[in-house]
Amino acid sequence: MFRRVSERRILKLSMLVTVIATIGAGAGIGMGAVLRPEKSLVTPPPVPVNDIGTVSAFDGTPSAEERAIARHAKVQEDMAAITAGTEVVPDELLPGDRVGPVRVPLAHLGDADRAIWMYRTTRGKVCYGLVDFTAGCVQQLPVAQVVSPAAGDPGDGGGTIVWGFARDNVRSVNIIVNGEPQPAVVGRNAFFYQASSTAARISAVVATTAGGARVTLPVTLAEATAEQ
Amino acid sequence: MQIPPTARAFRRRCLSIDRFRVADARLSRAPRMTFILVALVAASLVFAAAAFAAISTYHNGGMVSGQIESTCCFYSRDFNRVYRPGGYVFQLGYSADGQTISWAAPNTWDNPFVDQRNATSAIAFCNNYSSYFVTPVTCQTTVP
């Protein structure tokens, strides 16, 4: 008798927990929908742009090494940082959900053995990241621009990193370090360079296309500033 | 072999007791399993809610050229990120002492742009480094 009453209590308790959890989760999702603002005015790009075009990094099927890197906890965390908790972000700024497999155009990079991951989204964007550095999603670039670089101090004692997305027609990338061109590692739609220290003066990225055109892009390095 | 009537009755009683025990065990195992299952579901929902709560939005709206937004307090941060239209230079940074801001690589075309570097105890910053008014802009970081 006692056991039967106890079992009923357990059942009742578990049902109560389920109901509370469901209401809580529903309220959270509902609040997200309420908090998300209506379509807002979006500042258009300041220069003419076009789509990034074909991204051959997604051709073929991922290798076993690519799959292993994509499953790595750090890569999973980095990818989650793109889309987690975006309930208050205006819908027109969201990158969309991942479609297809995660690709790794370059791996075993620099002092910290970093990798570059990349995936497509349902909204036609390409999201990509350099492990433990920066990440983002891109859909358009200025018409004449063939690379989208990011450069800075990795914060782990290693030298300055310059890396980024490269359009399909990019064949080589040089980084201007202390006035001299230094070759970057180039993979499908990505490039990477790490200087020997953070004291290196990095001023530009020079990309050469399949047609032989050279495109120079100045690099702005972030500097520590006093809080205002 | 002939079983005496008393022994047959005893065996029948034992069998029925055994059957009752099996049935009773099944009855008590089922709700326990249900409870464990429900507890697991509830725990995962609570965990998901906690993960959602760990993202803090410290700016949502337009930002004029040179405008810098920041969080109020020193916390450990997993990342710092900005959602804004592409084409405008934005910087993300941390300050561990409240005096100096260590900026990440400036970025123009990525949306969102995420600074994956973490910070142990820092204020997070978001800077419209471009010469334009940009809207909409959402700056977010994580809180413990």
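Structure's up top.
Note that this is a predicted model, so its numbers are computed, not measured.

K.L.:
So what exactly am I meant to see when it comes to the sheet that holds strand β8 (residues 161-166) of chain A here?
P.N.:
One key point about sheets: their strands pair by backbone hydrogen bonds, in either a parallel or an antiparallel sense. Residues and elements named next belong to chain A. What the four strands build is an open sheet, ordered β7-β8-β12-β11; its pairing is antiparallel. This sheet does not close on itself; its edge strands, each paired only once, are β7 (147-152) and β11 (185-187). Taking each pair of neighbouring strands and ignoring which way they run, the sheet shows an average axis angle of 15°. Direction of pairing for β7 relative to β8: antiparallel, over a ladder of six bridges. What sits directly across from Ser 148, in β8, is Phe 165.

K.L.:
Please explain unusual backbone geometry as it appears in this structure.
P.N.:
Apart from glycine, the bulk of residues carry a negative phi angle, and the bulk of peptide bonds sit in the trans form. Each neighbour pair has its own omega, and for Asn111(B) with Pro112(B) the value is 0°, a cis peptide bond. Position of Pro112(B) relative to the elements: it lies in the loop between β6 (100-103) and β7 (113-115). With an omega dihedral of -10°, the bond running from Thr135(B) to Pro136(B) counts as a cis peptide bond. With respect to the helices, strands and loops of the structure, Pro136(B) is situated in strand β9 (residues 134-142). At Asn178(A), a position not held by glycine, the phi torsion is positive, near 50°. By the secondary structure assignment, Asn178(A) is in the loop between β9 (170-177) and β10 (180-183).

K.L.:
What exactly am I supposed to notice about the nonpolar core here?
P.N.:
Nonpolar side chains in soluble globular proteins tend to end up buried together. Grouped together as the largest cluster of nonpolar side chains are 76 residues, with contacts concentrated most on Ile116(A) and Ala166(A). For this core, the leading source of residues is strand β8 (residues 119-128) of chain B, giving six residues. Among all residues touching Ala166(A), those that are not within four sequence positions of it are Val146(A), Val147(A), Val173(A), Val186(A), Asn189(A), Ala190(A), Phe191(A) and Ala207(A).

Reading guide: rules and limits
- Residues numbered from 1 in each chain as written.
- Chains lettered and ligands numbered in written order.
- Predicted model: local features only at pLDDT ≥ 70, side-chain atom pairs only at ≥ 80, totals over all residues.
- Pairing = 2+ DSSP bridges.
- Helix = DSSP H or I, 4+ residues; strand = E, 2+ residues; numbered from the N terminus.
- Axes fitted to C-alpha atoms, helices over the stretch in contact; angles between N-to-C directions.
- Core = buried A, V, L, I, M, F, W, Y, C linked by C-beta atoms within 7 Å.
- Buried ≥ 20, exposed ≤ 12 C-beta atoms within 10 Å, placed from the backbone.
- Contact = placed C-beta atoms within 7 Å.

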